[in-house]
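Analysis of the macromolecular model
Below, each chain spelled out in residue letters.
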Amino acid sequence: MKANKKKTKKETKKMSNKKPEKLIDKKGIRLDGRKLDELRPVKMEVGVLPNADGSAYLEQGKNKVLVGVYGPKEAHPRHIAQQDRAVIQCRYHMAPFSVDERKSPAPSRRDIELSKVVREALEPAVFLEYYPKTSIQVYIEILQADGGTRCAGITTAALALADAGIPMRDLVVACAAGKADGKLIVDLMDTEDKVGDADVPVAFMPNLNAITLLQMDGNLSVDEFNNAVNMAVDGCKQIYALQKEALKSKYVTVEEAEEE
Amino acid sequence: MTDSVVVRVKKKRIAELLESEKRVDERGLTDYREIQIESGVIERAEGSARVHLGKTDVVVGVKIGTGTPFPDVPDKGVLTVNAELVPLASPDFEPGPPGEKAVELARVVDRGIRESKAIDLEKLCVESGKLVFVVFIDVYVLNHDGNLIDASAMAALAALINTKMFKYEVKDGKIVKKPGYTPLPIINYPIAVTFAKIGNKLILDTGLDEEQVMDARLTMTMTKDGNICAIQKGGGSGYFTQEEIVEATKIAQKKTKELRKLVVKS
């Protein structure tokens, strides 16, 4: 653990000193010691906020994400209500202290775009038609950012929606793939995202084989892109298993407590 | 959009037609409407272009300013893209600060130009870390009849190709204009194509009718080498399967080539 911490510090120093020379070493090991197709350690917990109807917390590498869900409830402002379905109001927001240089808490253009694409990634999963004229509020707070926060946000938001008891077709799970030093990698961390050649975030509903978010920036050939999507989908499937586990474990804990 | 009976009737009709590979305006599934590209429409701007895609009408103006570079890239000029959904363009557009649609439009156009490295930003550095040129690309939607992304991306590229920079010299860290102009250093030609999924069909260049009933939208921007440089999925509560995305990349490769010829020629 101690050794680990030291390494992290060194890394951070390296990061701030401009571009690291190599993101991947000769043996195919990445800056944080991962293999090309290895995810960062993921931890999830549901039902973490007492006031929210549903909530979840996730750590993925150094990402720390908290999501609270309220509703379905009366839509505000009223003109956003739809006669035949619920609307999702989604806010993706980064805490000012979540990044190296303080981020203004006012929504940036990036935040506005991400709020939109995250909402559109979640909508296909929810049976919106069950709750006409209402609104489901999804508040995503990035407490600490380390690359791939939109994916982490989606994974966490899906858990929070499920925790709120809102009927869904499947959980939505997200993971990015990309390219660095000419190699395809999965689950990019901050430096790989910034210095690397491409980033392809994907959100996926495994049971329906449905891709609900797909973005890309960088430069990939068509073959590389298709492989990257495959890698991201594989990553999604791994996280999906953990997601289900996290949902179940909430109730397991309650049962055990009752037995005692 | 969802409450109206008209939309539901429209959707049914459009989907039925698509089953037999037909569209409301009798185009093929991957056909574009008539494209008109006119460059240099605004003399005051350093570069400009107006694109008609059927009845969709977008004008893009490029202005060149000066500013300080971002600290992490001190040797590069700055690129900014802004989009205005002007209220006169559609009954659905309202005055006020850009909403999420406008922000998304601007950012998708921006991503295509930035990630394809269309502009040689290093040539826009005057003094490292202190003084660089800023390229302002302003997308102005004048009439909305669907597929704003492709029209805007095309207009932006045409406007960049059309952009002339004044010649200058540096005196005491200040820019002094000299007579004459040089073209903006454009080294790649990104083209965006936007697919709409309706039922299980993928179509290109949606009209407003089709856009209102589509399940999901997918934009792919490709470089002149046929590589992908930007992707955005959006527009509604539908999704794509992996197979559909593979199919889309194939169509996009062909289509972006055709469109690029039109834009670069103009």
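All values reported here derive from a predicted model rather than from experimental measurement. (Residues numbered from 1 in each chain as written. Chains lettered and ligands numbered in written order. Predicted model: local features only at pLDDT ≥ 70, side-chain atom pairs only at ≥ 80, totals over all residues.)

**Quick notes on the sheet that holds strand β2 (residues 54-60) of chain A**
By definition, the strands of a sheet pair up through backbone hydrogen bonds, in either a parallel or an antiparallel sense. Residues and elements named next belong to chain A. Spelled out, the test is: The rule for pairing is simple: two strands pair if DSSP sees at least two bridges between them. The way it works is that DSSP assigns letters per residue, a run of H or I at least four long becomes a helix, a run of E at least two long becomes a strand, and they are numbered from the N terminus. Every angle, taken between N-to-C directions, lies between 0 and 180 degrees, and every axis is a line fitted to C-alpha atoms, over only the stretch in contact when it is a helix. What counts as a contact here is a pair of residues whose C-beta atoms, placed from the backbone, lie within 7 Å.
If you trace the five strands from one edge of the open sheet to the other, you get β1-β2-β3-β5-β4, paired in mixed fashion. Each end of this open sheet is capped by a strand with a single partner; those strands are β1 (42-46) and β4 (87-94). Going from strand to strand, the sheet's axes swing by 15° on average, the running direction of each strand aside. Relative to strand β5 (residues 134-144), β4 is paired through eight bridges, and the arrangement is parallel. Following the sheet pairing, Ile88 is matched in β5 by Ile136. The sheet strands contacting helix α3 (residues 149-163) are β1, β2, β3 (63-74), β4 and β5, and the helix crosses β2 at an angle near 150°.

**Here we look at unusual backbone geometry**
Between A:Gly71 and the following residue, A:Pro72, the backbone shows a cis peptide bond with an omega angle of 5°. Tracing the sequence through the fold places A:Pro72 in strand β3. A cis amide bond links A:His76 to the next residue, A:Pro77, at an omega of -10°. Inspection of the secondary structure assignment puts A:Pro77 in the loop between β3 and β4. At A:Asp181, a position not held by glycine, the phi torsion is positive, near 45°. Its location among the elements puts A:Asp181 in the loop between β6 (173-180) and β7 (183-186). One non-glycine residue, B:Asp205, lies in the positive phi region at around 50°. Its place among the elements puts B:Asp205 in the loop between β10 (201-204) and α4 (208-213).

**Observations concerning the interface of chain B and chain A**
Many structure descriptions define interface size as the accessible area lost when the parts assemble. Our working definition: Ten residue types, Ala, Val, Leu, Ile, Met, Phe, Trp, Tyr, Cys and Pro, are classed as nonpolar, four, Asp, Glu, Lys and Arg, as charged, and the remainder, Gly among them, as polar.
Counting residues at the interface gives 28 residues for chain B and 31 residues for chain A. Breaking the side of chain B that touches chain A down by element, the ones donating at least two residues are α2 (100-115), β12 (228-234) and α5 (242-265) of chain B. For the side of chain B that touches chain A, the element with the most residues is β12(B), which contributes seven residues. Residues that form the side of chain B that touches chain A fall into these classes: 10 nonpolar, 11 polar and seven charged. By the bridge criterion, four bridges tie strand β9 (residues 210-220) of chain A to β12(B) in an arrangement that is antiparallel. Each bridged residue has a counterpart across the sheet, and for A:Leu220 the counterpart in β12(B) is B:Ile228.

**Remarks on the sheet that holds strand β11 (residues 216-222) of chain B**
Strand order in this open sheet of eight strands is β7(A)-β6(A)-β8(A)-β9(A)-β12(B)-β11(B)-β9(B)-β10(B), and the pairing throughout is antiparallel. Strand pairing shows two members of the sheet lacking a second neighbour, β7 of chain A together with β10 of chain B, which therefore form its edges. Between one strand and the next, the sheet's axes are offset by a mean angle of 20°, whatever the strand orientation. Pairing of strand β8 (residues 198-205) of chain A with β9(A) involves six bridges; the strand directions are antiparallel. Opposite A:Phe204, over in β9(A), you have A:Ile211 as the bridge partner.

**A closer look at the confidence of the model for chain A**
All names here are of chain A. What counts is decided by this rule: As a per-residue measure, pLDDT reflects the predictor's confidence and takes values from 0 up to 100.
Taken residue by residue, chain A gives an average pLDDT of 90. The fraction at 70 or more is 89%. Here helix α1 (residues 2-16) stands out as the least confident element of chain A, with mean pLDDT 41; α3 is the most confident, with 98. Here residues 1-17 is modelled with pLDDT under 50, and outside its nearest four sequence neighbours on either side it reaches three contacts, counting other chains as well.

**Focus on the confidence of the model for chain B**
Residues and elements named next belong to chain B. On average, residues of chain B score 94 in pLDDT, and 98% of them are at 70 or above. By mean pLDDT, the top-scoring element of chain B is helix α3 (residues 148-162) (98), and the lowest-scoring one is helix α1 (residues 5-19) (86). Scoring of the predicted complex yields 0.88 for pTM and 0.84 for ipTM.

**A short note on helix α2 (residues 109-122) of chain A**
Residue and element names in this part refer to chain A. This is how it is decided: Here the expected length of a helix is defined as 1.5 Å per residue gap, with one fewer gap than residues. To assign burial, the other C-beta atoms lying within 10 Å of each residue's own C-beta are counted, with C-beta atoms placed from the backbone; 20 or more indicates buried, 12 or fewer indicates exposed, and intermediate counts indicate partly exposed.
For α2, built from 14 residues, the straight-helix expectation of 20 Å at 1.5 Å per residue is met to within 8% by its first-to-last C-alpha distance of 20 Å. Burial runs high along α2: 10 of the 14 residues are buried. Looking only at α2, the buried set comprises Glu113, Leu114, Ser115, Lys116, Val117, Val118, Arg119, Glu120, Ala121 and Leu122.

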